Amino acid sequence: MKEVLVKKAIEVAKRSKANGNLAYGCVLADGDGKVIMEGENTVITEHDCLGHAEINLIREASKRYDTEFLSQCSIYTSDEPCPMCSSAIFWSGISTLVFGLSKSRFYQEFGNDNPAINFNIPSKDVLKAGGRKVKVIGPMLEDDVLAIHRSSSP
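Reading the values: the criteria
Residues numbered from 1 in each chain as written. Predicted model: local features only at pLDDT ≥ 70, side-chain atom pairs only at ≥ 80, totals over all residues. Heavy atoms only, no water. Pairing = 2+ DSSP bridges. Helix = DSSP H or I, 4+ residues; strand = E, 2+ residues; numbered from the N terminus. Axes fitted to C-alpha atoms, helices over the stretch in contact; angles between N-to-C directions. Contact = heavy atoms within 4.5 Å. Salt bridge = Lys/Arg side-chain N within 4 Å of Asp/Glu carboxyl O. Core = buried A, V, L, I, M, F, W, Y, C linked by side-chain atoms within 4.5 Å. Buried < 20%, exposed > 50% of the residue type's maximum accessible area, 1.4 Å probe, protein only. Expected span 1.5 Å × (residues − 1). Phe/Tyr/Trp six-rings, centres within 6.5 Å; stacked < 30°, edge-to-face > 60°.

Q: Just checking my understanding: could you explain the sheet that holds strand 2 (residues 35–40) for this structure?
A: Strand-to-strand pairing in sheets goes through backbone hydrogen bonds, with the strands running parallel or antiparallel. Across the sheet, which stays open at both edges, the 5 strands sit in the order 2-1-3-4-5 with mixed pairing between neighbours. On the outer flanks of this sheet lie strand 2 and strand 5 (135–137), each paired with one strand and no other. Neighbouring strand axes in the sheet, compared pairwise and without regard to direction, differ in orientation by 15° on average. Pairing between strand 1 (residues 25–29) and strand 3 (residues 74–79): 4 bridges, direction antiparallel. Residue pairing in the sheet places Ala29 in a bridge with Ser74 of strand 3. Here helix 7 (residues 142–150) sits on the sheet in contact with strand 3 and strand 4 (96–101), set at roughly 60° to strand 4.

Here it is as structure tokens:
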């Protein structure tokens, strides 16, 4: 089930890239594993440095659902969330994060020598610093996600 939902997040990442954005995507599943929302990256098309897929999804989810409901939900992401997105997952009340490509593998493949975007703190470390436990599962399907990032830019 987890791999199926990460694959759905990967499809959203492909769509994000096709729409002219960075290749990041996520889905929110309820307690039964049913996808109830999707989130695409919109950094480029909306000229919004905060337009990460997870932030976009969580903004909409928090308008529709209360924290109690979100605490029964899981977020599935194509890539390991950045510290900002990991923190948003914490504050939303979402109980589980499942991700495809790890930051460490991404950086092994593409490097991370740009100090302007190097903010490399694993999601697990960000989330364990909070008072509420958020389960973190991943990486999985890393080669599938890497294929998207290796293909030409949007």
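Q: Whenever I open this one, the pattern of salt bridges confuses me. Can you help?
A: Side-chain pairs of opposite charge can arise where the charged atoms are in close proximity. In this structure the tally under the stated criterion is 9 salt bridges. For the salt bridge of Glu11 with Lys14, the shortest nitrogen-to-oxygen distance reads 3.2 Å. Residue Glu11 and its partner Lys14 are located together in helix 1 (residues 2–18), separated by 3 residues, close to a single helical turn. Of the charged contacts in the structure, one is a salt bridge between Arg105 and Glu109, with a shortest N-O distance of 3.6 Å. Of this pair, Arg105 and Glu109 both sit in helix 5 (residues 103–110), 4 residues apart, which is roughly one turn of that helix. One salt-bridge network, in which partners are shared between bridges, spans Arg105, Glu109, Glu142, Asp143 and Arg150.

Q: Where do I start with the nonpolar core in this structure?
A: Proteins that are soluble and globular tend to have nonpolar side chains buried together. In terms of nonpolar packing, the biggest core is built from 21 residues, with Leu28, Leu57, Ile75, Ile89 and Ile94 touching the most fellow members. Elements that contribute at least two residues to this core include exactly strand 1, helix 2 (53–64), helix 4 (83–92) and strand 4. Examining the composition of this core, we find that 5 residues originate from one element, helix 2, more than from any other. Counting 19 residues, the second largest nonpolar core, distinct from the first, contains Ile10, Ala13, Leu141 and Leu146.

Q: I keep staring at helix 2 and nothing clicks. Help me out?
A: An α-helix turns once every 3.6 residues. As a result, residues three or four positions apart point the same way. The first and last C-alpha atoms of helix 2 sit 17 Å apart over 12 residues, in line with the 16 Å expected at 1.5 Å per residue. The set of residues buried in helix 2 consists of Ala53, Glu54, Ile55, Asn56, Leu57, Ile58 and Ala61. Contacts made by the buried residues of helix 2 are with strand 1, strand 2, helix 3 (67–70), strand 3 and helix 4.

Q: Help me out: how do you make sense of the packing of aromatic side chains in this one?
A: To describe a pair of aromatic rings, you give the distance between the ring centres and the angle between the ring planes. Within the structure shown, the criterion is met by 4 aromatic pairs. Ring geometry for Phe90 and Trp91: centres 5.1 Å apart, planes at 80°, overall edge-to-face. The exposure class assigned to Phe90 is buried, which follows from its relative accessible area of 16%. Both rings, one in Phe106 and one in Tyr107, keep their centres 5.7 Å apart while their planes meet at 80°; by these two values the pair is edge-to-face.

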